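Results of the structural survey
Letter by letter, the chains look like this.
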Amino acid sequence: MSPDDLVHAACPPIAKLGSAFYFQPETVAKGKEHGIDGFRFYMLGRGGVLGDVEAPVIASAFGYFHPAVIERLWTSARQKMAPRDAGRLYLDCCRDFGRRRLREIPNLDAFCAAADAINTAADPAGLALYAGVSAEPLADDLPARAMQLITVLREFRGSAHLAAVIASGVTPQVAHYLKRPDDYAAFGWGDESPTVTDEDRANYASAEALTDRMVRPAYSAVDEAGADALVAGLNAIAPALA
């Protein structure tokens, strides 16, 4: 399997699986213990790895939300809990989710070894959310470690994609509409669709290709056996997280 083939095989399921713990009942309940609702805990927990910063910093790293939504949710949530504490608590929820769901998955050691090699090889320069979450220590037990690595690698490509979108001349607002039109209003952009040109669509396709090129060096860090272990692990993990 070539590095390009591995990127195409692994990144889509990682994008889906890495967020699986975000709004699980156990995750939401953990936020409510600190007086934070599910969406605010998502924002404070995911962004908390960047520290106690102002809302525009979080908006720049998240990219796809309307800045007013970030301002409202982040500012109100950080009044309830220190962002760094929330970030670590959110990762605890990620690890615990893995412990609940992935205990019976075979060959997690090989999967984690491959995912860890990619994470170690990834360059965090310019990738704020990935840099923050990848700096946190990995869990020692395999089910938790596997889930955490999937989430970290999700932030790797997600952060790279945001940079590629900007570099390709597409606004995050238009990129979000092209990628997830059904979620456009929920991210604060309103009910009216943006004006999207053929040039926007071509530039967005270029951004997707550029993203793949940006993450390819890290995915090149695994050999054929590692690539097979990563893809096989993702195929086994997906039903367990459904």
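A few points about the overall build of the protein
The helix and strand tally for the protein stands at 12 helices and 0 strands. Sequence-ordered secondary structure for the protein, helices as α and strands as β, is α-α-α-α-α-α-α-α-α-α-α-α. Relative to a compact globule of 242 residues, whose C-alpha radius of gyration would be 18 Å, the protein shows 18 Å and is just as compact. Along the longest, intermediate and shortest principal axes, the C-alpha atoms of the protein span 45 × 45 × 30 Å. A burial count over the protein gives 50% of its 242 residues as buried. Sequence-distant contacts, at least 24 apart, represent 77% of the contacts inside the protein between residues at least 6 apart. Here the protein displays about 10,800 Å² of accessible surface, and carbon together with sulfur accounts for 53% of that area. Each charge class in the protein can be summarised by its mean position, and for the 23 positive and 31 negative side chains these summaries are 5 Å apart.

Some thoughts on the nonpolar core
One finds I70, L102, F111, F156, Y219, L230 and I237 to be the most contacted residues of the largest nonpolar core, which totals 79 residues. Looking at this core element by element, the count peaks at 11 residues for helix α9 (residues 142-167). When neighbours within four sequence positions are excluded, L230 is seen to be in contact with L6, A10, F111, A114, A115, I118 and Y219.

Looking at the pattern of salt bridges
Tallying each qualifying case throughout the model produces 16 salt bridges. We note a salt bridge from E26 to R100, for which the minimum N-O separation is 3.4 Å. Within this pair, whereas E26 is found in helix α2 (residues 25-32), its partner R100 is found in helix α6 (residues 83-101), the two being separated by 74 residues in sequence. By relative accessible area, which is 39% here, E26 ends up partly exposed. Among the charged side chains, a salt-bridge network with shared partners connects R157, K179, E208 and D212.

Cut-offs applied
- Residues numbered from 1 in each chain as written.
- Predicted model: local features only at pLDDT ≥ 70, side-chain atom pairs only at ≥ 80, totals over all residues.
- Heavy atoms only, no water.
- Helix = DSSP H or I, 4+ residues; strand = E, 2+ residues; numbered from the N terminus.
- Rg over C-alpha atoms; globule rule 2.2 N^0.38 Å.
- Buried < 20%, exposed > 50% of the residue type's maximum accessible area, 1.4 Å probe, protein only.
- Contact = heavy atoms within 4.5 Å.
- Areas by Shrake-Rupley, 256 points an atom, 1.4 Å probe, with all protein chains shown as cover.
- Lys, Arg positive; Asp, Glu negative; His and termini not counted.
- Charge placed at Lys NZ, Arg CZ, Asp CG, Glu CD.
- Core = buried A, V, L, I, M, F, W, Y, C linked by side-chain atoms within 4.5 Å.
- Salt bridge = Lys/Arg side-chain N within 4 Å of Asp/Glu carboxyl O.

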